[in-house]
Structure formats: structure tokens, C-alpha cells
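# Tertiary structure, described
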Amino acid sequence: MDNINRDYIDAYIQNLIKNEDEKLENFRQQCVERGLPIIHKEVGQYLRLVINQLHARSIIEVGTNVGYSSIFMSMVMKNEGKVVTLERSEKFYEEALKNIQSFNLEKNIDVHFGDAVENLDKIEGTFDIAFIDAAKSYYRTFFDKCSMKMKSGGIIISDNVLYQGMIATDELVVRRKKTLVRNMRNYLEYISNDERYITTVLPLGDGLAVTLIK
Ligand SMILES: C[S@@+](CC[C@H](N)C(=O)[O-])C[C@H]1O[C@@H](n2cnc3c(N)ncnc32)[C@H](O)[C@@H]1O
């Protein structure tokens, strides 16, 4: 129970999604078994939809972990696109490089090691999609830096924005997460009310904010 949807709803939605690639599905299973914080299946399906709708060919991602979502998005773009992804943990960065190599996607995915707060400004190029999936207290910084790099009509997708339901109700907030919750609520207010953006929050996975840059 993740306090977003009832388990039977999540299970039902996930069961509707067909697995496109056996090797990728095995990789996903291994990540889940290790308890790695990779995207939920239904979030992946939503990314697939947006990538196809926009005919996206360039994606920037904040938060690589071991590379699952960047490999997933690259494969959705049928290896014709480019994913630029940033990771601050050396251990995960090294592992992501190996995983990307095992899928033969080194030419399609650039992994940048280091803190995205410092490194996003150094990334060159413009992007159809930005996917924000890293330290939740810095979403506003990630968003502002990514928004400068978006193509017209680009979409910024922020994951985990309902954070186990805590963002939506004080009843679920645990003490040590108070700052994170405050920052995330401020972030959602910002992207929901600024006239430059159109945002909707979807109760998919751990909560997904989808923002069109007007
Ligand atoms: C939720 S995981 C990313 C999962 C990945 N997108 C996937 O679905 O396969 C978040 C990752 O972001 C990294 N991270 C957190 N804050 C960061 C920052 N400021 N800069 C770069 N990476 C960061 C963490 O080390 C972690 O590996």
C-alpha cells in the first residue's frame, strides 16, 4: 500500500501493460528484487505515451540510478534518440554505465556523474522531455534549470510528487520528512500556478506531475 492508489487498482493497471522486451523486463525484475527505486511500470507506460505523442528524440533525466529508466526511454525512442542523464552516486553511475553497455546503448545515452544542482547548467542542447526523478527537496531547482533547455511544446515530468501520500495530507507526514513535504508542496504550487506552465498531477505510481512549457 503506497497511500496513492489501492493495491488492486495499481495491480490491475500494471497487468494491462504488456512487456515489450524480455531482456528489459528481466532487468526491471532484478532492480525490483534489489529494492532499487526505479520507475513504476505505469509511469513507464505514461513515458512511452508522451515520447510517442511528441515524437521525442531528446530527453534529459535527473536521477539515473542504475539506468533502468534511461534504457527504457531510449528503447522507446527505438534507439533513434538521445537520453542525457545525471547521477550523483558514484556507485550507481558506474553500474548504470555497465548496464547501458550491456544493452548496446552507449551511443544513445550520456551519463553525467555529479550533483545535478551543479551540473545541469553545463549540459548543452535542447530537449523534448525532461524527467525529474532525484532528490525531492531540489525539484524546483531541477525544474528551473531544465525549463531553460526545453524545446517549444516540451514536457517536464516530475516523479514521486505525492510521496507516499504525504504531500496531500498532514495525517500521513512523518516528522523527519517535514522539510521535504514543505518543499514538494511549494514546488507543486509553483508549477501549477505559474502562467508559463500548464501542469496536471496524476496519481500514477508515487505521483507524477506533468508540465507543458507554453
Ligand atoms: C529514484 S532514483 C532514479 C531512478 C531512475 N530514474 C529509474 O527509474 O531507473 C533517484 C536517483 O537520483 C540520484 N540523485 C539524487 N539527487 C541527485 C542530485 N542532486 N544529482 C544527481 N543525482 C541525484 C540518486 O543517487 C538516485 O540514484
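Residues numbered from 1 in each chain as written. Predicted model: local features only at pLDDT ≥ 70, side-chain atom pairs only at ≥ 80, totals over all residues. Heavy atoms only, no water.

An unreviewed UniProt entry lists the protein under the name tRNA 5-hydroxyuridine methyltransferase, with Sedimentibacter saalensis as the source organism. As its UniProt record puts it under Subunit (unreviewed entry), the protein is described as follows: "Homodimer." (UniProt positions renumbered as here; feature names shortened; annotations may be inferred.)

## Some points on unusual backbone geometry
If you check the backbone angles, H55 has positive phi at about 50° while not being a glycine. Relative to the elements of secondary structure, H55 occurs in the loop between α3 (41–54) and β1 (58–62). In this structure H55 comes out as exposed when scored by relative accessible area, which is 61%. Look at N65: it is not a glycine, yet its phi comes out positive at around 55°. Locating N65 in the fold gives a position in the loop between β1 and α4 (68–76). Under the relative-accessibility criterion, N65 is labelled buried at 12%. (Helix = DSSP H or I, 4+ residues; strand = E, 2+ residues; numbered from the N terminus. Buried < 20%, exposed > 50% of the residue type's maximum accessible area, 1.4 Å probe, protein only.)

## Quick word on the environment of L204
Here L204 lies in the loop between β6 (197–202) and β7 (208–213). Along the backbone, L204 and A116 are 88 residues apart, and their C-alpha atoms lie at a distance of 25 Å. Other than its neighbours up to four places away in sequence, L204 contacts E42, V43 and Y46. (Contact = heavy atoms within 4.5 Å.)

## As for the packing of α3 against α4
The packing of two helices is summarised by the inter-axis angle and the distance between the axes. Here α3 crosses α4 at 40°, and the two axes come no closer than 10 Å. Read as a crossing pair, α3 and α4 show a hand that is right-handed. Side by side, α3 and α4 meet where G44, Q45, L47, R48, I51 and N52 of the first sit next to F72, M73 and V76 of the second. Here the contact of α3 with α4 is composed, by residue class, of five nonpolar, three polar and one charged. (Axes fitted to C-alpha atoms, helices over the stretch in contact; angles between N-to-C directions. Left-handed = near helix turned anticlockwise from the far one by under 90°. Nonpolar A, V, L, I, M, F, W, Y, C, P; charged D, E, K, R; others polar.)

## Brief notes about the site of the ligand
Residues in contact with the ligand amount to 21 residues; listed here are only the nearest, G63, S69, E87, A116 and D133. Within the side chain of E61, an N or O atom sits 3.4 Å from a nitrogen atom of the ligand. In the model, an oxygen atom of the ligand is placed 2.6 Å from a nitrogen or oxygen of the E87 side chain. Summarising the interface, the protein chains cover 92% of the accessible area of the ligand, which totals 600 Å² for the free molecule. For the shell around the ligand, the secondary structure elements donating two or more residues are α4 and β2 (82–87). Of the residues contributing to the shell around the ligand, the split by class is 10 nonpolar, six polar and five charged. (Near = heavy atom within 4 Å. Polar contact = N/O pair within 3.5 Å; in protein donor to acceptor, adjacent residues only side chain to side chain. Areas by Shrake-Rupley, 256 points an atom, 1.4 Å probe, with all protein chains shown as cover.)

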